[in-house]
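Next come the chains, spelled out residue by residue.
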Amino acid sequence: QVQLVESGGGLVQSGGSLRLSCAASGRTFSIWVMGWFRQAPGKEREFVGAISWSGGSTSYADSVKGRFTISRDPAKDTEYLEMNTLKPEDTAVYYCAAERSPVPITQTYGYDYWGQGTQVTVSS
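No experiment lies behind these values; they were computed from the predicted model shown.

## What to know about the packing of aromatic side chains
Counting across every chain of the model gives five aromatic pairs. Both rings, one in Tyr-95 and one in Trp-114, keep their centres 6.5 Å apart while their planes meet at 80 degrees; by these two values the pair is edge-to-face. Of this pair, Tyr-95 sits in strand β9 (residues 92-99) while Trp-114 sits in strand β10 (residues 113-114), and the two are 19 residues apart along the sequence. By relative accessible area, Tyr-95 is classed as buried at 13%. The partly exposed category is assigned to Trp-114, whose relative accessible area is 28%. In textbook terms, an aromatic cluster arises when at least three aromatic residues are bridged by ring pairs, as seen for Phe-37, Phe-47, Tyr-95, Tyr-111 and Trp-114. Note that Arg-45 overlies the ring of Tyr-95, its terminal NZ or CZ placed 3.7 Å from the centroid. The ring centre of Trp-114 lies 5.0 Å from the NZ or CZ of Arg-45, which sits over that ring.

Right under this line is the structure:
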C-alpha cells in the first residue's frame with residue numbers, strides 16, 4: 001500500500017501562484033507514475049499532469065501547459081505541482097495519485113492510490 005498526503009492548497013488571486021506538495025509513504029518503491037488531477041463542483045475529475053517517478057519525464061493537460069510544472073524529489077518521496085498565472089477556472093479540489101504501471105497516465109482508472117485532496121480557490 002501507498003499513502004498520499006497533499007498540502008499547499010488555499011485561496012489566491014487571479015494571476016497568482018501556489019505550490020502543492022504530495023508526500024508518499026509506504027511501498028513507494030512500487031510507484032511508476034505520479035499524477036495530479038482536479039475536480040471542480042459539478043464536473044468530473046480531470047487530468048492535470050503526471051511525472052514518471054524514475055526518469056522525471058512529464059506530461060500535462062493542454063489547459064495547464066506552460067503555467068503548471070510538476071517535479072519530484074525521490075529522496076523525500078514527494079511530488080510537487082507548481083501553479084503559476086492561476087485563473088478562476090483553475091478552482092477545484094486537487095488530488096495527487098500514484099500508479100504501479102507506466103500507462104495509462106491521463107485516466108483516473110489507471111491510478112492505484114489517491115490522496116484526500118486539497119482545495120485551490122482562485123478569485124477574480
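## Thoughts on the environment of Pro-102
Residue position: Pro-102 is located in the loop between β9 and β10. For Pro-102, a relative accessible area of 38% puts it in the partly exposed group. Taking the C-alpha atoms as reference, Pro-102 lies 10.0 Å from Ile-51; in sequence the two are 51 residues apart. With residues up to four places along the chain from it excluded, the contact list for Pro-102 reads Trp-32 and Val-33.

## A closer look at the state of the cysteines
Note on terminology: disulfide describes a covalent bond linking the sulfur atoms of two cysteines. The full count for this structure, using the stated rule, is one disulfide. Sulfur-sulfur distance for the disulfide between Cys-22 and Cys-96 comes to 2.0 Å. Its S-S torsion of approximately 50 degrees makes the covalent link between Cys-22 and Cys-96 right-handed. Residue Cys-22 is found in strand β3 (residues 18-26), and its partner Cys-96 is found in strand β9; the two are separated by 74 residues along the sequence. Using a relative accessible area of 0% as the deciding quantity, one classes Cys-22 as buried.

Rules and cut-offs
- Residues numbered from 1 in each chain as written.
- Predicted model: local features only at pLDDT ≥ 70, side-chain atom pairs only at ≥ 80, totals over all residues.
- Heavy atoms only, no water.
- Phe/Tyr/Trp six-rings, centres within 6.5 Å; stacked < 30°, edge-to-face > 60°.
- Helix = DSSP H or I, 4+ residues; strand = E, 2+ residues; numbered from the N terminus.
- Buried < 20%, exposed > 50% of the residue type's maximum accessible area, 1.4 Å probe, protein only.
- Lys NZ or Arg CZ within 6 Å of the ring centre and 35° of its normal.
- Contact = heavy atoms within 4.5 Å.
- Disulfide = S-S within 2.5 Å.

Function cannot be inferred from these measures alone, as they are strictly geometric.
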